[in-house]
Amino acid sequence: MGAGPIDGWDRAVDVLVAEASHGRFWAASGAAVESAVLGGLVGAVRWLTTPLFPEDYLSLVNPLWCGRELRGRIEAIHAETADAATLVIRPGRGWIPHKPGQWVRIGVDIEGARHWRTYSLSGPPGRPDGCITITVKAVPDGLVSRHLVRQAAPGTIVELAGPDGSFVLPEPPPRRLLFLTAGSGITPVRAMLHGLLTPAAARGGAKPRVADVVLLHSAPTSADVIFGAELRALTARFPNLRLYERHTRTEGRLRPGDLPDLCPDWAERTAWVCGPAGMLQEAEEHWAGSLDRLHVEHFRPVLPRAGGEGGRVRFTKSGRETDAEGGTPLLIAGEDAGVLMPSGCRMGICHSCVGRLTSGQVRDLRTGQIHGEAGDLVQTCVSAAVGPVEIEL
Amino acid sequence: MATTARLSHADVEEFGRELDRIRDEILASLGKKDAQYIRGVIAAQRKLELGGRVLLFASWLPPAWVAGTAALATAKILENMEIGHNVLHGQWDWMRDPKIHSTTWESDIVSPSAQWKHSHNVVHHTWTNVLGKDRDLGYTLLRVSPGQRWHPVYLLQPIYNVLLALVFEYGIALYDLEVERIPAGDKSLKETSTQLRAIAGKVRRQIVKDYLAFPLLAGPGFVPVLLANLTANLTRNVWAHTIIFCGHFPEGAEVFTEEQLEGETRGEWYVRQLLGSCNIDGGRLLHLMSGNLSHQIEHHLFPDMPSNRYAEIAPRIRALCERFGLSYTSGSLARQTGSVYKRILRLAFPGPRQHAEPAAPPAPDLQAVI
Ligand SMILES: Cc1cc2nc3c(=O)[nH]c(=O)nc-3n(C[C@H](O)[C@H](O)[C@H](O)COP(=O)(O)OP(=O)(O)OC[C@H]3O[C@@H](n4cnc5c(N)ncnc54)[C@H](O)[C@@H]3O)c2cc1C
Ligand code: FES
């Protein structure tokens, strides 16, 4: 390529670009700018920043000052077990306090591309430092979970959305509760436990908020129990909490048939269950007669079904097209094609991912059922193409 | 001129497959570094713009005026070329960041993104250098190919081309309107007026920002700030005009007829993109400031490949062209610009004779390929 005087500039460009990619100088320039600009002035300032938004410049100073999108900064990462870690995240402005048991969606950049996943908030709301926590278990081959547990570093900026979810305690909570959890399924329950137990302690050990709580938790070994030490300490401190740990490697899986032995009055308790799909299914069968006493939280889609024809999918708003296989949700097909797909739970419960079908039919991956008429709103995370499909996304 | 006459059909397809391989390889290797690159350029551009605008508050000091104007012009060029143009091509859609995505981006030009994407990404990139189809070809105003029928109005084109350069962003916006399709009934007046309103909205915002709000904020510096902003916009316009014209109109760039395109295969499409585009040689600053359109050939072969990778594949594309005996046109900025102006001047007059018949294929050597 060319030589001559231009080459002298090349280094200047290098410096410019390299410097800019560090992004976080002026970081501490204070809340004054923030409130001055964001307080009602935004509309006027927009005339100065058009076609961008004021926040596009403000986020040069602090990435969390981003009005339309919620972001968070990973402040700390604590290992919980060999393959699970708690991430302490400082949310930017606009975070609404969650209810214990709810989840948050988090968008993480891995190798330059953004991936959204859902994680239960593992602590009660109102941490003194204003942060929230999620606790992630690395699943084998898991893209995001392994990244968060093994690679992510404090200081990383993540996208946030939420909180949301209906796996929460009613107000006031029932007098007697049963929590049935396994693996990372302890996370939403841990947030609830704190909500249930600690306020009572704070009131100087007066009348406890709940009569009693039974927690039956399964993990391969004692060392694999996420929050193990803390749960044991809570049990020692609060007589109204009873913990039973099942170490499945030596003792085998906990079956519904074991329930009467471990918790004789299980049928009189309201139960919150969170764990692998098989366990949730057994629980639903076991509580079949009294489903109003059962609350479950799924961490992954129930029995995803492969098969079907697949087809050419056209995303009409973004003008993208791709060939999708019969077992691939439209959500994944769209994301892989670079379409900005809205999503939430990614397992068919929250409806954040719906798009309007303009033509073609889809298969519900949960049931195998083929459906769809032009104009239908379909959940892209659990629908796959059956033949050519056009969707308004 | 290209020497493709001896290229067999099998060779063309093999050439296409080789290009597909390069494309797949690069797209599969996109990662963190690429994301850091575009975020870095965007952050640098915004800081440069902020810096320029702040400096201009002291614009009664001549050095501050010069530095502020230069910073602002540079920022506007970066925004239009390396960032806006490439983001709107979907080069960064793979990151799935809604802030850097072809479906959400608005550039600091008066063309609304949706209209620009249609006329540029769809019409121009599909019909590259096809007479009567590629509306970029001379932007309908100019005669840039002997295949276009001469008209006395073209005698003035050397002059109005310069005027076009100065108001280039407005030229693009109006040309995106495709008004020539209205009389034939191909386009409704209603659609046109909706588009016009969108353009007017962007024009108003740019005018208020650059010629009213910032000058007013500068108080006594109203006039120097206004002039600085005007200079920055004009500089950006002339620069964009220069780079874009160097991409398709210098000596060596070929034009095609619609008939030549019938049944075009992927390999032939690649060959047409290659022969219709010209590169500009230069260093990294030139590549950055031209939005990597200095790698026009690579850009036309792979319009949605992130622009920071063009420099990396350019030597491989050049070697491939050598292997297949295809011409790979490139030259210095001065040479290519000179060549473009020479062409515009020459074609202001009738002829050259051998191409006077408008239907005649202007690039007969491609007949063998197609
Ligand atoms: C409401 C809700 C709350 C959640 N809360 C938590 C939480 O608090 N802590 C937590 O660690 N995870 C939680 N998850 C699961 C989490 O969202 C991810 O699905 C999980 O981290 C795997 O993502 P990945 O990108 O690592 O795996 P992917 O790369 O998406 O998948 C890799 C492989 O792992 C399998 N797989 C996917 N999900 C799971 C899973 N949950 N368990 C085992 N195998 C899986 C896939 O089938 C695939 O074979 C929750 C999910 C939901 C819907
Ligand atoms: S993402 Fe929640 S239903 Fe699809």
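These numbers come from a predicted model, not from an experiment. (Residues numbered from 1 in each chain as written. Chains lettered and ligands numbered in written order. Predicted model: local features only at pLDDT ≥ 70, side-chain atom pairs only at ≥ 80, totals over all residues. Heavy atoms only, no water.)

How should the side chain of aspartate 108 of chain B be read in this particular structure?
Following the sequence through the fold, aspartate 108 of chain B ends up in the loop between helix 3 (62-88) and helix 4 (113-126). With relative accessibility at 8%, the residue aspartate 108 of chain B sits in the buried group. The residues contacting aspartate 108 of chain B, other than those within four sequence positions of it, are Pro51 of chain A together with Lys76, Glu79, Asn80, Glu169, Gln206, Lys209 and Arg236 of chain B. (Helix = DSSP H or I, 4+ residues; strand = E, 2+ residues; numbered from the N terminus. Buried < 20%, exposed > 50% of the residue type's maximum accessible area, 1.4 Å probe, protein only. Contact = heavy atoms within 4.5 Å.)

Would you explain empty space enclosed by the protein in this entry?
If a probe as big as a water molecule is rolled over the atoms, it shows which places are left empty. Residues and elements named next belong to chain B. What the rule picks out here adds up to 4 cavities of 30 Å³ or more. In this structure, the largest cavity encloses a volume near 320 Å³. Together, 26 residues line the largest cavity, and His85, Trp116, Phe168, Ile172 and Ile244 are the ones closest to its centre. Of all the secondary-structure elements, those providing two or more residues to the lining of the largest cavity are helix 3, helix 4, helix 6 (168-176), helix 8 (222-248) and helix 11 (296-301). Split into classes, the residues belonging to the lining of the largest cavity amount to 11 nonpolar, 11 polar and 4 charged. (1 Å grid on protein atoms, 1.4 Å probe; cavity = no way out; pocket = protein on both sides within 12 Å on 5 of 7 lines; lining within 4 Å. Points joined across faces, edges and corners; volume = space filled by probe spheres on them. Nonpolar A, V, L, I, M, F, W, Y, C, P; charged D, E, K, R; others polar.)

I'm lost on the pattern of salt bridges in this one. Help?
When their charged atoms lie close together, side chains carrying opposite charge are able to pair. Here the structure, examined in full by the defined rule, presents 46 salt bridges over all chains. Between arginine 176 of chain A and glutamate 268 of chain A there is a salt bridge whose closest N-O contact spans 3.5 Å. Note that arginine 176 of chain A is positioned in strand 7 (residues 176-182) and glutamate 268 of chain A in the loop between helix 9 (259-262) and strand 10 (270-274), a separation of 92 residues in sequence. Between glutamate 321 of chain A and arginine 312 of chain A there is a salt bridge, with the nearest N and O atoms lying 2.8 Å from each other. Among the charged side chains, a salt-bridge network with shared partners connects Arg71, Asp109, Arg114 and Glu159 of chain A together with Arg39 and Asp97 of chain B. (Salt bridge = Lys/Arg side-chain N within 4 Å of Asp/Glu carboxyl O.)

Just checking my understanding: could you explain the site of ligand 1 for this structure?
Residues and elements named next belong to chain A. The immediate surroundings of ligand 1 are formed by 22 residues, with Thr118, Tyr119, Ser145, Thr187 and Arg300 found nearest. Threonine 135 is positioned such that a nitrogen or oxygen atom in its backbone is 2.9 Å from a nitrogen atom of ligand 1. In this structure, an oxygen atom belonging to ligand 1 sits 2.9 Å away from a main-chain N or O atom of leucine 143. Here ligand 1, which alone exposes 890 Å², has 77% of that area covered by the protein. Within the residue set of the shell around ligand 1, elements represented by two or more residues are strand 4 (113-120), strand 5 (132-137) and helix 5 (143-151). The greatest single-element share of the shell around ligand 1, amounting to 4 residues, is contributed by strand 4. Tallied by class, residues from the shell around ligand 1 come to 9 nonpolar, 8 polar and 5 charged. Residues from two domains meet in the shell around ligand 1; each of domain 2 (65-160) and domain 3 (176-297) gives at least three. (Near = heavy atom within 4 Å. Polar contact = N/O pair within 3.5 Å; in protein donor to acceptor, adjacent residues only side chain to side chain. Areas by Shrake-Rupley, 256 points an atom, 1.4 Å probe, with all protein chains shown as cover. Domains from an automatic or database assignment.)

Please clarify how the sheet that holds strand 6 (residues 157-164) of chain A should be interpreted in this entry.
The strands making up a sheet associate through backbone hydrogen bonding, with each pair oriented either parallel or antiparallel. All names here are of chain A. Strand order across the open sheet formed by 6 strands is 4-3-6-1-2-5, with antiparallel pairing between neighbours. The open sheet terminates on both sides in strands that have one partner only, identified here as strand 4 and strand 5. Across the sheet, the axes of successive neighbouring strands diverge by a mean angle of 40°, strand direction being ignored. Pairing of strand 3 (residues 103-110) with strand 4, which is carried by 8 bridges, proceeds in the antiparallel orientation. (Pairing = 2+ DSSP bridges. Axes fitted to C-alpha atoms, helices over the stretch in contact; angles between N-to-C directions.)

So what exactly am I meant to see when it comes to a nonpolar patch on the surface here?
Residues and elements named next belong to chain B. A cluster of nonpolar side chains, namely Leu156, Ile159, Val162, Leu163, Leu166, Val167, Val223, Leu227, Leu230, Leu234, Val238 and Tyr341, defines an oily patch on the protein surface of about 960 Å² accessible area. Mapped onto the nonpolar patch, the elements with two or more residues apiece are helix 5 (157-166) and helix 8. When residues in the nonpolar patch are grouped by element, the largest group, 5 residues, is from helix 8. Relative to the assigned elements, valine 162 resides in helix 5. (Patch = residues over 30% accessible without salt bridge, like charges linked within 9 Å, V, L, I, M, F, W, Y side chains within 5 Å.)

What should I look at first to understand the packing of helix 1 (residues 9-28) of chain B against helix 12 (residues 310-324) of chain B in this one?
The description of two packed helices rests on the angle between their axes and on the distance between the axes. Residue and element names in this part refer to chain B. Running from N to C, helix 1 and helix 12 cross one another at 170°; their axes reach a closest spacing of 11 Å. The orientation of helix 1 with respect to helix 12, classified from their angle, is roughly antiparallel. As for how helix 1 packs across helix 12, the hand of that crossing is right-handed. Here Asp11, Glu14, Phe15, Glu18, Leu19, Ile22, Glu25 and Ile26 of helix 1 come into contact with helix 12, specifically with Glu312, Ile313, Arg316, Ile317, Leu320, Cys321, Arg323 and Phe324. Residues belonging to the contact of helix 1 with helix 12 are distributed by class as follows: 9 nonpolar, no polar and 7 charged. (Parallel < 35°, antiparallel > 145°, perpendicular 65-115°, else oblique. Left-handed = near helix turned anticlockwise from the far one by under 90°.)

Before we go on, may I ask you to explain the interface of chain A and chain B in this structure?
Accessible area lost when the parts come together is the quantity often used to give the size of an interface. Contacts between the two partners involve 42 residues from chain A and, on the opposite side, 45 residues from chain B. For the pair chain A and chain B, the summed buried surface comes to about 3900 Å²; carbon and sulfur atoms form 63% of the total. Three residues, Trp47, Leu48 and Leu340 of chain A, lead the burial of chain A against chain B; their summed loss comes to 17% of the area buried on that side. Between the two partners, chain A and chain B, sit 7 salt bridges. Between arginine 39 of chain B and aspartate 109 of chain A there is a salt bridge; the shortest N-O distance is 3.3 Å. For the side of chain A that touches chain B, the elements supplying multiple residues, two or more each, are helix 1 (5-22), helix 3 (42-49), helix 4 (54-61), strand 4 and helix 11 (330-336) of chain A. It is helix 1 of chain A that provides the largest number of residues to the side of chain A that touches chain B, a total of 10 residues. In the side of chain A that touches chain B, the residues fall into 18 nonpolar, 9 polar and 15 charged. (Buried area = accessible area lost by both parts, 1.4 Å probe.)

Where do I start with the confidence of the model for chain B in this structure?
The predicted structure's coordinates, where accompanied by low pLDDT, should not be read in detail. Taken over all residues, the pLDDT of chain B has a mean of 88, while the share at 70 or more is 92%. Confidence drops under a pLDDT of 50 for residues 1-5 of chain B, and excluding neighbours within four residues, the segment shows 15 contacts in the predicted structure. (pLDDT = per-residue confidence, 0-100.)

Just to check I follow, could you spell out the nonpolar core for this structure?
A general feature of soluble globular proteins is that nonpolar side chains tend to end up buried together. All names here are of chain B. Trp92 and Phe245 are the most contacted members of the largest nonpolar core, which totals 42 residues. When contributions to this core are tallied by element, the ones reaching two or more residues are helix 2 (32-55), helix 3, helix 5, helix 6, helix 8, helix 10 (284-289) and helix 13 (333-346). Core analysis: the second largest hydrophobic core is formed by 27 residues, Leu7, Val130, Tyr270 and Ile297 among them. (Core = buried A, V, L, I, M, F, W, Y, C linked by side-chain atoms within 4.5 Å.)

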